[in-house]
Amino acid sequence: MATPIITDGSTDRVREAPRVVLPDNPKLFEERAARFAQLAQGHSMGAYLGLMAQVARAQQAALGSRAAAPVPASALEQSRNYGMPPLSAQGHARAPLWRDDLHDIARAVRAEAAPGVAPALDRLASMDEASLEAIADRVLSGTALDDDAAYVPFVGAALQVYFARQAASLAAADVSHCDVATVCPVCGSRPVASIVRIGGAQASLRYLVCALCQTEWHMVRVKCSSCEAEKGVHFLSLAEDPESEQAGQAAVKAEACDECKTYLKLMNQDKDAYVDAYADDLATLALDLLVDEQGFARSGPNLLFHPGTG
C-alpha cells in the first residue's frame, strides 16, 4: 500500500509529533561519516565523499571537545515571545569557539588528507582571525567567492559543529513559536533538504533539515519549502522516465515548484532508511544539474560544498 500523502496539519498524529527536533543526537556526525563512507564506494565522486567522511569524523570529535557558549537570555525571550530564531546566523555574535572547532577539524583532516587537500588546510591554519571571520560571514550569507571554494567545506563544517552544539543546548519550548515555516526556527537558515521520516510519532511526516545547525522542523508534504505554494509542486529524479517504477522507488528526488522556480531535494527513509540530508545531497549532484537545466534554482545550500560560478 502506498504511503498516504499528508497535506493537512490538523490530524491527531501530526499534532502529537514534535514540530521541532533539536540536534541532540550524540552520534550525529559519526553516523554521517558512516553514510559518506558508504556512498563513496564506487561513486564517481568517491574521493570527495571520502574526504567528507573524514571531515564528519573530525566534526564528531570537535563536537564533544567543548561546551556550548551561553545563549543570551534576551535572545531566548525574543524567541519565546516573538518567534525570532535565538541563534540567528546573520545576527548572532559567534563566540571564538567556532574557530577552535575549525582548527580541530583542519588538524584532524590534515593528518590523513590526500596531498591535494593539504595546501588549503595549511593556508587555513595560518589565516588570522579577521580573515577566518570574513570567510565565515560569506559562507553564512551565501556569498562565498570562488577563491573561497577550497576552504568552504572546512569552514562550513566548523560552523555546523558550533551551531549544532548551541542548538542542542536549547529546549524545544524556546524555539517552538517561529511562524516562518521555510527557515530554521533556531538559526534562521535555509534547509539543505527535507526527509520523510519512518518510525514513531514522526512516521511518514516530512522534516526540513537545517543547512547550518542541524535542527529539523516539520512541514506538511507536497508544499513548496521555499514559497509554501501547493500548486505546481512536482518531483524530478534521475530516472529517464519520471513515471517509471525506478523513479517511484528513488530515495532522493527533487521537489520543484513552478510558482517560485526553486527546488529542494526530498529524501524518503521508506526507500532507504540510512539517507542523510548532507551526504545523500552531495552524492546526488547529478540531480542538481538535471533540475538546473530545467530552469529551477536551488533554494537551500549545502555548506560542505562550493558550487562555483562555472
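So, here's what we can say about the structure.

Rules and cut-offs
- Residues numbered from 1 in each chain as written.
- Predicted model: local features only at pLDDT ≥ 70, side-chain atom pairs only at ≥ 80, totals over all residues.
- Heavy atoms only, no water.
- Helix = DSSP H or I, 4+ residues; strand = E, 2+ residues; numbered from the N terminus.
- Buried < 20%, exposed > 50% of the residue type's maximum accessible area, 1.4 Å probe, protein only.
- Contact = heavy atoms within 4.5 Å.
- Phe/Tyr/Trp six-rings, centres within 6.5 Å; stacked < 30°, edge-to-face > 60°.
- Axes fitted to C-alpha atoms, helices over the stretch in contact; angles between N-to-C directions.
- Parallel < 35°, antiparallel > 145°, perpendicular 65-115°, else oblique.
- Nonpolar A, V, L, I, M, F, W, Y, C, P; charged D, E, K, R; others polar.
- 1 Å grid on protein atoms, 1.4 Å probe; cavity = no way out; pocket = protein on both sides within 12 Å on 5 of 7 lines; lining within 4 Å.
- Points joined across faces, edges and corners; volume = space filled by probe spheres on them.
- Pairing = 2+ DSSP bridges.

Residue position: leucine 51 is located in helix α3 (residues 46–63). Note on leucine 51: relative accessible area 12%, which makes it buried. Contact partners of leucine 51, with chain neighbours within four places excluded, come to Val109, Val117 and Phe154.

In this structure the tally under the stated criterion is 2 aromatic pairs. A centroid spacing of 6.1 Å and a plane angle of 85° characterise the contact between tyrosine 48 and phenylalanine 305, whose relative ring orientation is edge-to-face. Here the residue tyrosine 48 occupies a position in helix α3, and phenylalanine 305 occupies one in the segment after β8 (297–298), the gap between them amounting to 257 residues.

Our focus in this paragraph is the side chain of serine 189. Within the fold, serine 189 resides in the loop between α8 (152–168) and β2 (191–196). Serine 189 gets classed as buried once you look at its relative accessible area, which sits at 12%. For serine 189, the contacting residues outside a window of four places in its chain are Ala89, Val183, Cys184, Cys210, Leu212 and Trp217.

This next bit is on the packing of helix α5 (residues 97–110) against helix α7 (residues 129–141). For the pair α5 and α7, the least separation of the axes is 11 Å and the interaxial angle reads 95°. As far as their axial angle goes, α7 and α5 are roughly perpendicular. When α5 is examined against α7, the residues Trp98, Arg99, Leu102 and His103 are found in contact with a partner set consisting of Glu129, Leu132, Glu133 and Ala136. Across the contact of α5 with α7, the residue classes tally to 4 nonpolar, 1 polar and 3 charged.

Picture a little ball the size of a water molecule; that probe, rolled over the atoms, points out where space is still empty. For the structure shown, the criterion picks out 1 cavity of 30 Å³ or more. When its volume is computed, the largest cavity comes out at roughly 40 Å³. For the largest cavity, the full set of lining residues is Cys224, Ser225, Glu255, Ala256, Cys257, Thr262, Tyr263, Leu264 and Ser299. Among the elements of the structure, β6 (252–257) and β7 (262–268) are those that each provide at least two residues to the lining of the largest cavity.

The backbone of serine 204 shows a phi angle near 70°, a positive value even though the residue is not glycine. Structurally, serine 204 can be placed in the loop between β2 and β3 (206–210). Exposure remark for serine 204: the relative accessible area of 16% places this residue in the buried category. Although it is not a glycine, valine 222 adopts a positive phi angle of roughly 55°.

As a further point, take the environment of alanine 144. Looking at the secondary structure, you find alanine 144 in the loop between α7 and α8. Linking alanine 144 and histidine 218, residues 74 residues apart in sequence, is a C-alpha distance of 29 Å. Excluding residues that lie within four positions of it along the chain, alanine 144 makes contacts with Arg138, Val152 and His306.

Here the focus is the pairing of β7. Taking burial as the measure, the 7 residues of β7 include 7 buried ones, the bulk of the element. Taken together, the 3 bridges between β2 and β7 define a ladder with parallel strand orientation. Paired with serine 194 across the two strands is leucine 266, which belongs to β7. Here β6 hands over to β7 after 4 residues, with lysine 261 in that stretch at a positive phi of 60°. Here 2 bridges tie β7 to β8, and the two strands are oriented parallel to one another. Each residue of the ladder has a partner; that of tyrosine 263, found in β8, is arginine 298.

The next thing to look at is the side chain of glutamine 269. Inspection of the secondary structure assignment puts glutamine 269 in the loop between β7 and α10 (279–283). Judged by its relative accessible area of 11%, glutamine 269 is buried. What glutamine 269 contacts, discounting residues up to four positions off in sequence, is Ile195, Val196, Arg197, Ile198 and Val275.

Keep in mind that these numbers describe shape and distance, not what the molecule does.
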